Each structure stands twice: as structure tokens, then as C-alpha cells.
Amino acid sequence: MHYPPEPFRIKVTEPIRLIPREEREAALKAAGYNLFALKAEDIFIDLLTDSGTGAMSHDQWAALMRGDESYAGARSFHRLKAAVEDIFGFKYFVPTHQGRAAENILAACLVKPGMYVPSNMHFDTTDANVRARRGRPVNLVIDEAADPANPHPFKGNLDIAKLKAFIAQHGRENIPFGMITVTNNAGGGQPVSMENLKAVADAYHEAGIPFFIDAARYAENCYFIQQREPGYRHRSVKDIAREMFALADGMCMSAKKDAIVNIGGLLCVNDETLFQNIKNELILREGFPTYGGLAGRDLDAMAVGLYEGLDETYLAYRIAQTAYLAQRLNDAGIPTIQPAGGHGVYVNAGAVLPHIPQHEFPAQALAVELYREGGIRGVEIGSVMFAHPDPDTGQMVYPKLELLRLAIPRRTYTQSHFDYVVETLANIKSRAAEVRGYKFTYAPELLRHFTARFEPL
Ligand SMILES: *Cc1c(COP(=O)(O)O)cnc(C)c1O
């Protein structure tokens, strides 16, 4: 597997260090075995998330200096507006401080108790924002997504037959809007095809349901369309993105992903009345509509980063970097979701630790072990994050897969870092039978993975 040379060189460095094993053990204990509670300085390689953790370019750092901190109508806002209109093409938009703020505002404007919001798979914050309004998020991804070995090129696709049946069963009046997440983060960073996006848009629109895209990784998704979908090889990623967003009535986006900024988000819509309501909600919770809870300089960094995230040389390097890590892990006998996704490698923790049952959190156990063994932080995407009591029966519903996500921050780590990750996981695999599960000592109701505490069994 070829590791592409980085299409940049390093001008600024940030030291990292591996603390001794006894200190890692003590840090784990103090953190209640929740890796979110560790100090960043105690981590050697941090693959917790690709959200806001990328390296900004010299152009982005230069753009920060141009930031206009006027309260209303800042130049920075208008520079961002030009980029957002050029790339996404929606009629109206507001900046937000991150993706979940956009989701919160959208849910506050549209979701009423008992209503359903379908998607391929909601990410954790989207899921929680719908639930927080007493709505019901529904995941209708194709069945192939639940089979980690299936090499389907667009495993993020939404099952159109399931969607139509769902709409027929629950009725348009109980579905305030429909969504799709590109790429499908919770399902392995898997892309959605343009063919599927068109069919999803048609299904929602035939029923009169507005269609929103969760666009956190839209550029990676569009790059996959260019590479994998017939008829798109000679289209630019930007052009593909325009085609994709033309299908939708709006989008929310965490700019901390494909806009390569440390903080920021976007909410775009075409409907004027909805936009009015969004602005009122934004003013209450985030800030005036021309800054949306961000500094002027953040808006400028976003305006530049949106274009850098679409750069095809960068995207080719990024997607190949992810594929390299996945391939080397597979060569070491560690199964990952196939094919490799865009922003991370999803280790099938359930298969690495088959002796740990779901209610003892196998993916959490593997995440803890990866830190203990090598100072590496990944994130559990399994029962800690997604097991929920069914609102009707109270029965625990477990997710289909127990995954350990190794998210790859943009433009941050190099080949030797990834080789070290592979060696560390290979060491754990060789003594996998010794690894034990965990139980909660504390867990909040929503988004419990962030603050839960555990005890080893
Ligand atoms: C990160 C993410 C969000 C939430 O965005 P934040 O900026 O973290 O609030 C929503 N959806 C998807 C698919 C994401 O990856």
C-alpha cells in the first residue's frame, strides 16, 4: 500500500511525548477509564476525533489577521458569505459556533414531541438534538452497512424502500424534515452515492418533506463520488458538490471537519420563513446572524478553509492516508470496516475482543487498552455511545457494531505515526484474550460517552 507524500511541508511544530506506562495507568484510573477525561498532554498520538484538530495552512493563519471584529456586518462575514454561496448555492445561511449549534437551531425550529427525523445514520449530536426536542431520530442506512466485511463502494447509502415505507407508515405530518449524513460518520465514514442522494431527495420531496444534508464531510464524500461513481471521473469535486447541494432544501455543517478550522459551523436554507425563525433562535442562543457565536477571524479562516478542503491534491492524499492505515492494520490481522472510510479507520472491536459481550463494552475496552499500551487515544463508537432504551418498551437497544474509531486529524500526522499505531494494536491483538470489559459507575441520559465513568470488570 502506497503512502502518498504529504502535499505540504512543516513550518511550525508542536511537541508530543509518550509518558511512562505507570503514569498512563494512573491517568486512566483518574479519568474513570473515559478517554475524554484524559489530559491532552498525557497523550502521544491523539486520534480521538478529526473535529477541529487539523492543522491550518499559512493562508488560514494569514486570514486570521484580516478578521474584522465588527459586531454587525463584518467584512469577515461577507468573505465567508461569498465562499458559502459559491460552494453550496443555498439562498440563506448563518454561521454557528459548531455543527451541533446548527442542529440545535434546526431542531428547535422544526421538531415537535413525537415527530420522526429519518436519515441514513444520525451522528451522536444530531441524534441527541432530535431527542432533546422529544423527537425520534431514525436510521435507515442500507443493510450492507452492518456487515463490516462488505466492500460496497457507497455503504453510507440510505435504503430507499425502507424510507418510502417509513414515510407511508408515519405520514408526512409527523416528519418535519428528512436528513442524510455525508459521509456517514457513525457508520464508518462511508460515502453516499449521487444516485442515492437523488433518490432520497425525490422520496422526501414526493411526500412534501424538506430535505437537509448533514454536510460535515461533504468534500470527502464528493471525492469518493468522483473516484467511484460512473460518470463523475471528469467532474471537479466542487462541481459535484454543487450538484449534491442543489438536491437539498438546506444543510447543517460542522466546519471543524472539511472546512479545516478549529471552530465553526454553518446552517443553510432556501426557505425564507424558516430562515427568519433560524435567525431569531440564533440571536437568542449563539449571537447576531453575521457572526453566529464566532470571532470575525474564525469566519475568515473558515472562508479560506472551505476551498482548501475541496483541493483535489489534498483530498487524494487524505483518502490514501486513511486507506494506508486500514490496509496495514488488516495485514496485521486486525479487522476494520471495509472499504476504508474518509476520515478515519474503524476497527471492528467486537471481532478483536469476541469474548467481551456488548453490555460490557468491548470497543471501550479496546480504546482503553490502546492508550495503556501506546499512549494513543481513539474513540468508542459502540454501546457506550449508542445503546438506548426503546422509548416504548424501555428495553435496551444495542447498536449492530462495536467499533473503535481512529479518526485522522487533517494535515497533522505522518506515516511514521501511523506505523506506530499499527505496531501498538498488533501488540494488543497478540494478548487479546487477557483484555476485560467495563461497567458504568456513572452515565448521564444523553451523550453519555462524553462524561461517563467506568470500572474494569
Ligand atoms: C462532528 C459532526 C457533527 C457535530 O458537529 P460539531 O462541530 O462537533 O458540533 C454533526 N454531524 C456529523 C456527521 C459530524 O461528524
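Everything here concerns the structure above.
Residues numbered from 1 in each chain as written. Predicted model: local features only at pLDDT ≥ 70, side-chain atom pairs only at ≥ 80, totals over all residues. Heavy atoms only, no water.

Engineer: Explanation requested: the side chain of Ser-119 in the structure shown.
Structural biologist: Locating Ser-119 in the fold gives a position in strand 3 (residues 116–119). By relative accessible area, Ser-119 is classed as buried at 0%. Separated by 3.1 Å, the side chains of Ser-119 and Asn-120 make a polar contact. With residues near it in sequence (within four places) discarded, Ser-119 still touches Val-138, Asn-139, Leu-140, Val-141, Leu-158, Met-179, Ile-180, Thr-181 and Tyr-204. (Helix = DSSP H or I, 4+ residues; strand = E, 2+ residues; numbered from the N terminus. Buried < 20%, exposed > 50% of the residue type's maximum accessible area, 1.4 Å probe, protein only. Polar contact = N/O pair within 3.5 Å; in protein donor to acceptor, adjacent residues only side chain to side chain. Contact = heavy atoms within 4.5 Å.)

Engineer: What should I look at first to understand the site of the ligand in this one?
Structural biologist: For the ligand, the set of nearby residues contains 15 residues, the closest of which are Arg-100, Asp-214, Arg-217, Ser-254 and Lys-257. In the environment of the ligand, a nitrogen atom lies 2.6 Å from a nitrogen or oxygen atom belonging to the side chain of Asp-214. Between the ligand and the protein, one listed contact pairs an oxygen atom with a side-chain N or O atom of Arg-217 at 2.7 Å. Relative to its unbound accessible area of 380 Å², the ligand is 97% covered by the protein chains. Per element, the largest residue contribution to the shell around the ligand is three residues, and it comes from helix 4 (residues 99–110). A breakdown of the residues in the shell around the ligand according to their chemical character gives two nonpolar, seven polar and six charged. (Near = heavy atom within 4 Å. Areas by Shrake-Rupley, 256 points an atom, 1.4 Å probe, with all protein chains shown as cover. Nonpolar A, V, L, I, M, F, W, Y, C, P; charged D, E, K, R; others polar.)

Engineer: Honestly, a nonpolar patch on the surface in this entry has me stumped. Any pointers?
Structural biologist: A contiguous nonpolar patch, built from Tyr-71, Ile-283 and Phe-288 and spanning about 310 Å² of accessible area, is present on the exposed surface. Residue placement: Ile-283 occurs in helix 10 (residues 272–285). (Patch = residues over 30% accessible without salt bridge, like charges linked within 9 Å, V, L, I, M, F, W, Y side chains within 5 Å. Salt bridge = Lys/Arg side-chain N within 4 Å of Asp/Glu carboxyl O.)

Engineer: Quick question: what am I supposed to make of the nonpolar core here?
Structural biologist: The tendency in soluble globular proteins is for nonpolar side chains to be buried as a group. Judged by nonpolar contacts, the single largest core of 113 residues is most densely connected at Phe-88 and Tyr-218. It is helix 12 (residues 312–331) that provides the largest number of residues to this core, a total of eight residues. With near-sequence residues (within four places) excluded, Phe-88 lies in contact with Tyr-218, Arg-242, Phe-245, Met-251, Met-253, Leu-266 and Leu-306. (Core = buried A, V, L, I, M, F, W, Y, C linked by side-chain atoms within 4.5 Å.)

Engineer: Would you explain the sheet that holds strand 11 (residues 379–381) in this entry?
Structural biologist: Hydrogen bonding along the main chain pairs the strands of a sheet, whether they run parallel or antiparallel. Spatial ordering of the open sheet is given by 9-14-11, a layout of three strands whose pairing is antiparallel. Looking along the sheet, the strands with just one partner apiece sit at the ends: strand 9 (344–348) and strand 11. Across this sheet, the average inter-strand angle for adjacent strands is 35°, counted without regard to direction. Sheet analysis places strand 9 next to strand 14 (residues 403–407), joined by five bridges and oriented antiparallel. (Pairing = 2+ DSSP bridges. Axes fitted to C-alpha atoms, helices over the stretch in contact; angles between N-to-C directions.)

Engineer: Looking at this structure, how should I read the environment of Cys-268?
Structural biologist: Mapped onto the elements of the fold, Cys-268 is located in strand 8 (residues 265–269). Between the alpha carbons of Cys-268 and Glu-85 there is a distance of 9.6 Å; along the sequence they are 183 residues apart. In this view, Cys-268 contacts Val-84, Phe-90, Tyr-92, Phe-93, Phe-212, Asp-249, Gly-250 and Met-251; residues no more than four positions away in its chain are not counted.

Engineer: Which parts of the structure should I look at to understand unusual backbone geometry?
Structural biologist: It is generally the case that most residues other than glycine have a negative phi and that most peptide bonds are trans. Put simply, Val-182 and Thr-183 share a cis peptide bond, and its omega is -25°. Summarising the element assignment, Thr-183 is placed in the loop between strand 5 (178–181) and helix 7 (194–206). Look at the link from Gln-338 to Pro-339: it is a cis peptide, with omega at -15°. Here Tyr-33, not a glycine, exhibits a phi torsion of approximately 55°, which is positive. Residue position: Tyr-33 is located in the loop between helix 1 (21–30) and strand 1 (45–46). Residue classification places Tyr-33 among the buried positions, given a relative accessible area of 8%. Of note in the backbone geometry, Arg-411 takes a positive phi value of approximately 60° without being a glycine.

Engineer: Honestly, the pattern of salt bridges in this entry has me stumped. Any pointers?
Structural biologist: Opposite charge on two side chains permits pairing when their charged atoms draw close. Using the criterion set out here, one finds 27 salt bridges in the structure. For Arg-318, the salt bridge goes to Glu-220, with nearest N and O atoms at 2.5 Å. Highlighted residues: Arg-318 in helix 12 and Glu-220 in helix 8 (residues 218–228), separated in sequence by 98 residues. As far as burial versus exposure is concerned, Arg-318 and Glu-220 are alike and both buried. A salt bridge links Glu-281 to Arg-285; its shortest N-O distance comes to 2.5 Å. Here Glu-281 and its partner Arg-285 are both found in helix 10, four residues apart, which amounts to about one turn of the helix. The exposure class assigned to Arg-285 is partly exposed, which follows from its relative accessible area of 43%. A cluster of three or more residues bridged by salt bridges with shared partners is formed by Arg-21, Glu-25, Glu-369, Arg-372, Glu-373 and Arg-431.

Engineer: Before we go on, may I ask you to explain the packing of helix 14 (residues 362–374) against helix 16 (residues 415–430) in this structure?
Structural biologist: To describe two helices that pack against each other, one gives the angle between their axes and the distance between the axes. Between helix 14 and helix 16, the shortest axis-to-axis distance is 10 Å and the interhelical angle comes to 115°. Accordingly, the angle class assigned to the pair helix 14 and helix 16 is roughly perpendicular. The handedness of the crossing between helix 14 and helix 16 is right-handed. Of helix 16, the residues touching helix 14 (which contributes Leu-366, Glu-369, Leu-370, Glu-373 and Gly-374) are Tyr-420, Thr-424, Leu-425, Asn-427 and Ile-428. Here the residues of the contact of helix 14 with helix 16 are counted per class, giving five nonpolar, three polar and two charged. (Parallel < 35°, antiparallel > 145°, perpendicular 65-115°, else oblique. Left-handed = near helix turned anticlockwise from the far one by under 90°.)

Engineer: Any chance you could explain the packing of aromatic side chains here in plain terms?
Structural biologist: Aromatic rings considered in pairs are described by the distance between their centres and by the relative angle of their planes. Throughout the structure, instances matching the rule amount to 20 aromatic pairs. Judged by centre distance (4.9 Å) and plane angle (75°), the ring pair of Phe-36 and Phe-450 falls under edge-to-face. Taken together, the residues Phe-36 in the loop between helix 1 and strand 1 and Phe-450 in the loop between strand 15 (438–442) and strand 16 (453–456) connect sequence positions 414 residues apart. Classification of Phe-450 by relative accessible area gives partly exposed; the value is 28%. (Phe/Tyr/Trp six-rings, centres within 6.5 Å; stacked < 30°, edge-to-face > 60°.)

Engineer: It is not clear to me how the sheet that holds strand 6 (residues 211–214) should be interpreted in this structure. Could you clarify?
Structural biologist: Spatially, 2-8-7-6-5 is the arrangement adopted by the five strands of the open sheet, whose pairing is mixed. Strands at the two margins of the open sheet, each flanked by one partner only, are strand 2 (92–96) and strand 5. The average undirected angle you get between the axes of adjacent strands in this sheet is 15°. The pairing of strand 6 with strand 7 (residues 250–254) spans three bridges and is parallel.

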